[in-house]
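Residue-level structural notes
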Amino acid sequence: MLLLAAAVTTAVQCSKSVEEPADGPDKPTDKTVTLTVRSASVSQSKTMLGDGGQVFWENGDEINVNGTVYPVIPDADDPTLATIPDVEASGSYLAMTPGGYMFTEGENLYFHILEQQPYREGSFSAGINPMAAYSVTTDMYFRNLAGILRIGITGSATISRITLSSNGDEALAGYFGAPMEDIISGNLQNYSEPHTAYYSSHNIMMETGDAFVLDQSTPRYAYFVIPAGTYEYGFSVSMEDTEGNVMIQTTEKTITVGRSEILPMEDFEYAPLEDVVLEFTGSTPTSVDYTVVAEPGQSVAQTALTRTWWDSLRETNAEIPEDELKARLLRNYMISWAGVPESGTFTHTLEEAYNGNGYLSEMTAMTEYVILAGYYTYSGEIVGTVQMCHATTAEAEGPAPELDLSLLTTGFRDYAEFGATIRTTDAADIKCYATTRADYDNKTGAGLDDRTILIDFGLSVGEENVATANTGGLEWYWTSGIQPETEYMILVMAVGESGMETIKTMTHSTPAYLPEDGNWQTLSTDGYMECGLLSGFTGGQTDISGLTIEKYGQYDIFRIQNPFYDLGQNNPEWFETIDGCITIDARSGNVILESFANHIGLVYINQRDEAYDPEGMYLISGPLYDGSGTYGYYDAEAGMIDFGDVYTKDSYFIGFNDPSVPTRLWFENPGTGPDPDTPGLSLEGFVKRVDNW
């Protein structure tokens, strides 16, 4: 990997540019050529941060040249010089390193800055620093695309982990774009705009193990490769030592890190924080109070869980240390955070808690909860030991609210959704829960009553919906994961201001997905699909011809069995093939793909989980999955179905189709027209005609 080197000083924001020479001559003419790649000339022969700001090549470095990855051969005497033999000759050369993390798209070259940057003494680690070069000759001069932030620490501990965070949520890791015209001209700027289609993070983590041993008088340095740009509110650095102690160092001023620059931040001494102290102090029927003692000037995150959920998590995650489990829960289910005042203590009240379904729900009377609190950084990281205390809400008082519950069906999609009309009087909270009758029987068989089920798994509908239920009636729907021909239990709890409760339940059975008065008949044997559903695997549109398309009776419901069998067979490194189908429902005017009817016959073998999802990958229309996206449409006159926005899912994988690579199904191949030998069957109905003898 290339190493960026620069002379640095200890002053805050004093920076030095890395040297970058200009391009050179010699146009290639052979079928293969040897490229010379270089940076500034120096005399040292080892990989290190040199005094002149040089970039050194080292054994094991690889460079992507015009899409092919080649190993470099460093010069034995000059580490700024290397050669790449046997490169395919071309009129121009675009070279990138690390090549596996770069690509061109449109008018930009996108380079990758890693979220995990391993520690390396005196430098950044191999495979971290992005560089690029362009030349019409065999001489290439690489230029840095990012900047370096140097952190210097003194003390007496051994630091095991350092996390750098941007206080203004600017992206530190991800893919960042540089215009190709800048790469070609060599007139490079600062590039800090992340590619929105890829994951980005405002944190960079450096695992140091036991190699980062501090000294009281001489700073130990960590070097972070970051996007070159301006960080409006500066950075935070959180550190953890091998004893589990932590420190947070923060600056809130604007800081600019230039491309090809090392910016040394002012050195500081490692001074670990005192652990948070958490104490339960009281409760009402619907809230708990507690006191937090922590370091002044820091922030503390807090949350609450039902005691039953905590106990369940401990039982099902016995392999995870309790401290790590608490940290994960606080990180993923934080309810609030607060700055610690100069006094070092504050009190807080929580009225909500997370339950066994991961829902944030209003607290209920005489219920046990677990409170978690820990230090919280600007970037949203939980650091240090998370503290826990137990709390129980007080006994309820006063009258219980009135509650009336009636079934509400949805019409067209009643096989996949249903609802209830909830009418209450003087309710302060309403909790709703629906589950299959089989699951309900399992829960009650395990000793749970309806109240416990609602507390542990129900969802509070929210203040606005409670007001609607109190004044005229709330229509509440269940639309996620509902299966046809299944019996469900509906449970609702209304809670009054003083904590008193009223609970009602009812049962409901969903109808079959397909109407009873139909059957599958062949519509075409020459179907053709322009398919973008698997573009994440195939890199673009996949055309599939010769499809047999069926139609269900008189209804606009269509089916293709095993449409991706050949694709799966031809790509065994990705897929295993099983029986499957695509079922397209256009009865409502929209094209809808239901998850239970669209297991497509492919198993992504890298993520197979037979116990969780033995049927492999399935499709679901975007608006059905998360409420966003656009339904497709059916053009009966053209004999074409546009799928619209579709998710591809399995146990772990979630993919959303690229709108630029749509999926369209044609009843007859538009390139060939109907096959005269196998025209398919028409489903046109017979016309009754009366004639006289």
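See the structure above.
Since we're looking at a predicted model, the values are computed, not measured.

Excluding glycine, a negative phi dihedral is what most residues carry, and trans is how most peptide bonds are arranged. Across the junction of Thr-97 and Pro-98, the peptide omega takes the value -5 degrees, indicating a cis bond. One non-glycine residue with positive phi stands out, namely Asp-169, at about 65 degrees. Relative to the elements of secondary structure, Asp-169 occurs in the loop between β18 (158-166) and β19 (174-179). A positive phi angle is found at Met-366, which is not glycine, with a value near 50 degrees. Under the relative-accessibility criterion, Met-366 is labelled exposed at 52%.

This part takes up the sheet that holds strand β46 (residues 557-561). If you trace the eight strands from one edge of the open sheet to the other, you get β48-β46-β45-β44-β56-β53-β52-β49, paired in antiparallel fashion. Two strands lie at the open edges of the sheet, namely β48 (581-585) and β49 (590-591), each paired on one side alone. Sheet analysis places strand β44 (residues 520-531) next to strand β56 (residues 664-666), joined by three bridges and oriented antiparallel. In the sheet register, Met-529 faces β56, and the bridge partner there is Leu-665.

A separate point is the packing of helix α2 (residues 307-316) against helix α3 (residues 322-332). One way to put it is that α2 packs onto α3 with a least axis distance of 11 Å and a crossing angle of 130 degrees. Viewed along their axes, α2 and α3 adopt a mutual orientation that is oblique. At the point where α2 passes α3, the crossing takes the right-handed sense. For the pair formed by α2 and α3, the contact residues are Trp-309, Trp-310, Leu-313 and Arg-314 on the first element and Glu-322, Leu-325, Lys-326 and Leu-329 on the second. A class-by-class count of the residues in the contact of α2 with α3 yields five nonpolar, no polar and three charged.

A few words on the environment of Leu-533. Within the secondary structure, Leu-533 sits in the loop between β44 and α7 (535-538). With 115 residues separating them in the primary sequence, Leu-533 and Thr-648 have C-alpha atoms 7.2 Å apart. Those residues in contact with Leu-533 that sit more than four places away from it in its chain are Phe-564, Leu-619, Phe-643, Val-646, Thr-648 and Thr-663.

Another point: the pattern of salt bridges. For the structure on display, the rule yields 19 salt bridges. Of the charged contacts in the structure, one is a salt bridge between Glu-207 and Arg-161, with a shortest N-O distance of 3.1 Å. With Glu-207 in strand β20 (residues 203-213) and Arg-161 in strand β18, this residue pair connects regions lying 46 residues apart in the sequence. We note a salt bridge from Arg-587 to Asp-585, for which the minimum N-O separation is 2.7 Å. For Asp-585, a relative accessible area of 0% corresponds to the buried category.

Next up on the list: the side chain of Arg-559. Along the polypeptide, Arg-559 turns up in strand β46. For Arg-559, a relative accessible area of 17% puts it in the buried group.

With that settled, consider the sheet that holds strand β7 (residues 73-74). Within the open sheet, the four strands sit side by side as β7-β8-β3-β15. Their pairing is mixed. Two strands bound the open sheet, and with one partner strand each, they are β7 and β15 (139-141). Relative to strand β8 (residues 81-88), strand β3 (residues 32-38) runs antiparallel, the two sharing six bridges. Paired with Thr-36 across the two strands is Thr-83, which belongs to β8.

In the structure shown here, the tally under the stated rule is 24 aromatic pairs. One aromatic cluster is present, formed by Phe-103, Tyr-110, Tyr-175 and Tyr-198 through successive ring pairs. Directly above the ring of Tyr-221 sits Arg-150, whose terminal nitrogen or CZ lies 3.8 Å from the centroid. The ring centre of Phe-212 lies 5.6 Å from the NZ or CZ of Arg-220, which sits over that ring.

Okay, the pairing of strand β53 (residues 640-644) next. Most of β53 is tucked away: five of the five residues are buried. Neither face of β53 is left uncovered, since the one carrying Met-640, Asp-642 and Gly-644 and the one carrying Ile-641 and Phe-643 both have all their residues buried. As judged from the four bridges shared by strand β52 (residues 631-635) and β53, these two strands associate in the antiparallel manner. Bridge assignment links Tyr-634 to a residue of β53, and that residue is Ile-641. Where β52 folds back on β53, the antiparallel hairpin that results is connected by four residues, among which Gly-639 adopts a positive phi of roughly 65 degrees. Where β53 meets β56, three bridges bridge the pair, whose relative direction is antiparallel.

Criteria and cut-off values
- Residues numbered from 1 in each chain as written.
- Predicted model: local features only at pLDDT ≥ 70, side-chain atom pairs only at ≥ 80, totals over all residues.
- Heavy atoms only, no water.
- Helix = DSSP H or I, 4+ residues; strand = E, 2+ residues; numbered from the N terminus.
- Buried < 20%, exposed > 50% of the residue type's maximum accessible area, 1.4 Å probe, protein only.
- Pairing = 2+ DSSP bridges.
- Axes fitted to C-alpha atoms, helices over the stretch in contact; angles between N-to-C directions.
- Parallel < 35°, antiparallel > 145°, perpendicular 65-115°, else oblique.
- Left-handed = near helix turned anticlockwise from the far one by under 90°.
- Contact = heavy atoms within 4.5 Å.
- Nonpolar A, V, L, I, M, F, W, Y, C, P; charged D, E, K, R; others polar.
- Salt bridge = Lys/Arg side-chain N within 4 Å of Asp/Glu carboxyl O.
- Phe/Tyr/Trp six-rings, centres within 6.5 Å; stacked < 30°, edge-to-face > 60°.
- Lys NZ or Arg CZ within 6 Å of the ring centre and 35° of its normal.

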